Amino acid sequence: MSKITVVGLGPGRPGLITMESWQLMKEAQHLILRTRIHPTVAALEKEGLSFATYDDFYQEAPDFETLYRTIAGDLMQRARKMGNLVYAVPGSPLVAERTVVLLRELAAGSDVEVEILPGMSFVEVLYTRLGIDPIDGLTILDAEDVGMLTGCPAQSLVITQIYDPIIASDTKLMLMELYPDEYEVTYIHNLALPDESIRRIPLYELDRQHDVDHLTSLFVPAPQE
């Protein structure tokens, strides 16, 4: 039986990749990254690791769901042809990683085994930076899912995948249906990197930030009673 081992590249600093994941990537005959657009990839290259990526798939897919399903299906095909492989994703494999969810579904009852190793995600760093204890209540959402909220949540929100100004604008407009325009939120960029930026802004200024990209997230505190 072929095996796909899924590891995480951590939230952005190479030292936050687990030792187990580093070792597996170094020993892998076939290492595949979802994308090379992640800060820790430079460290992999410095170590001399060779890898393939799915970056070309991003150019062809009409939407993210199609992209992620295509990647999961391709991983299954590669495993059957090449045998064991290691698949590396940004952050943790089990936090906001749709390809891993789809891969597990495809592998269930098939001839391909999927093993998912624990890894550090950006949320562990966020907890320490903002002094948050998740036991007090916290909901993590993809920016595209903000529209599913039917009312102002009682818990704080962490919104991920704010890739560009267009998504930032859409996210802002959806949140402004639930919170006042001036509601103070925390803008988070390049978490765990040397140029990390964490700043409080009014909600209406979300899409006016100069550095919105794939390493942008947002913390929306729970309303005070």
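This one's a predicted model, so the numbers in the text were calculated from it and none came from an experiment.

**Concerning the packing of aromatic side chains**
Here is step 1: For the structure shown, the criterion picks out five aromatic pairs.
Here is step 2: Centre to centre, the rings of Tyr-54 and Phe-57 are 4.9 Å apart; their planes meet at 75°, and the pair counts as edge-to-face.

**Looking at the side chain of Lys-172**
Here is step 1: Within the secondary structure layout, Lys-172 lies in helix α7 (residues 165-175).
Here is step 2: Excluding its chain neighbours within four sequence positions, the residues that come into contact with Lys-172 are Leu-203, Tyr-204, Leu-206 and Asp-207.

**So, the environment of Tyr-68**
Here is step 1: On the secondary structure map, Tyr-68 appears in helix α4 (residues 64-82).
Here is step 2: As a C-alpha pair, Tyr-68 and Pro-118 span 50 residues in sequence and 20 Å in three-dimensional space.
Here is step 3: Aside from chain neighbours lying at most four places away, what touches Tyr-68 is Arg-98, Thr-99, Leu-102 and Tyr-163.

**Let's talk about the packing of α4 against helix α5 (residues 98-107)**
Here is step 1: Where α4 meets α5, the axes come as close as 9 Å, and the angle between the chain directions of the two elements is 50°. Taken together, α4 and α5 sit at an angle that is classed as oblique. Crossing hand, α4 versus α5: right-handed. Between α4 and α5, the residues in contact are Glu-65, Tyr-68, Arg-69, Ile-71, Ala-72, Gly-73, Leu-75 and Met-76 and Arg-98, Thr-99, Leu-102, Leu-103, Leu-106 and Ala-107, respectively.
Here is step 2: A class-by-class count of the residues in the contact of α4 with α5 yields nine nonpolar, two polar and three charged.

**So, the pattern of salt bridges**
Here is step 1: Going through the model one piece at a time under the given rule, you end up with 12 salt bridges.
Here is step 2: The partner of Glu-115 in a salt bridge is Lys-3, with the nearest N and O atoms 2.6 Å apart. Here the residue Glu-115 occupies a position in strand β5 (residues 112-116), and Lys-3 occupies one in strand β1 (residues 2-8), the gap between them amounting to 112 residues.
Here is step 3: Exposure remark for Lys-3: the relative accessible area of 24% places this residue in the partly exposed category.
Here is step 4: A salt bridge links Arg-200 to Glu-184; the nearest nitrogen and oxygen atoms lie 3.8 Å apart. With Arg-200 in strand β9 (residues 197-202) and Glu-184 in strand β8 (residues 184-189), this residue pair connects regions lying 16 residues apart in the sequence.
Here is step 5: Given the relative accessible area of 65%, Arg-200 is considered exposed.
Here is step 6: Look at the salt bridges and you will find they share partners, linking Glu-65, Arg-69 and Arg-98 into a network.

Calculation notes
- Residues numbered from 1 in each chain as written.
- Predicted model: local features only at pLDDT ≥ 70, side-chain atom pairs only at ≥ 80, totals over all residues.
- Heavy atoms only, no water.
- Phe/Tyr/Trp six-rings, centres within 6.5 Å; stacked < 30°, edge-to-face > 60°.
- Helix = DSSP H or I, 4+ residues; strand = E, 2+ residues; numbered from the N terminus.
- Contact = heavy atoms within 4.5 Å.
- Axes fitted to C-alpha atoms, helices over the stretch in contact; angles between N-to-C directions.
- Parallel < 35°, antiparallel > 145°, perpendicular 65-115°, else oblique.
- Left-handed = near helix turned anticlockwise from the far one by under 90°.
- Nonpolar A, V, L, I, M, F, W, Y, C, P; charged D, E, K, R; others polar.
- Salt bridge = Lys/Arg side-chain N within 4 Å of Asp/Glu carboxyl O.
- Buried < 20%, exposed > 50% of the residue type's maximum accessible area, 1.4 Å probe, protein only.

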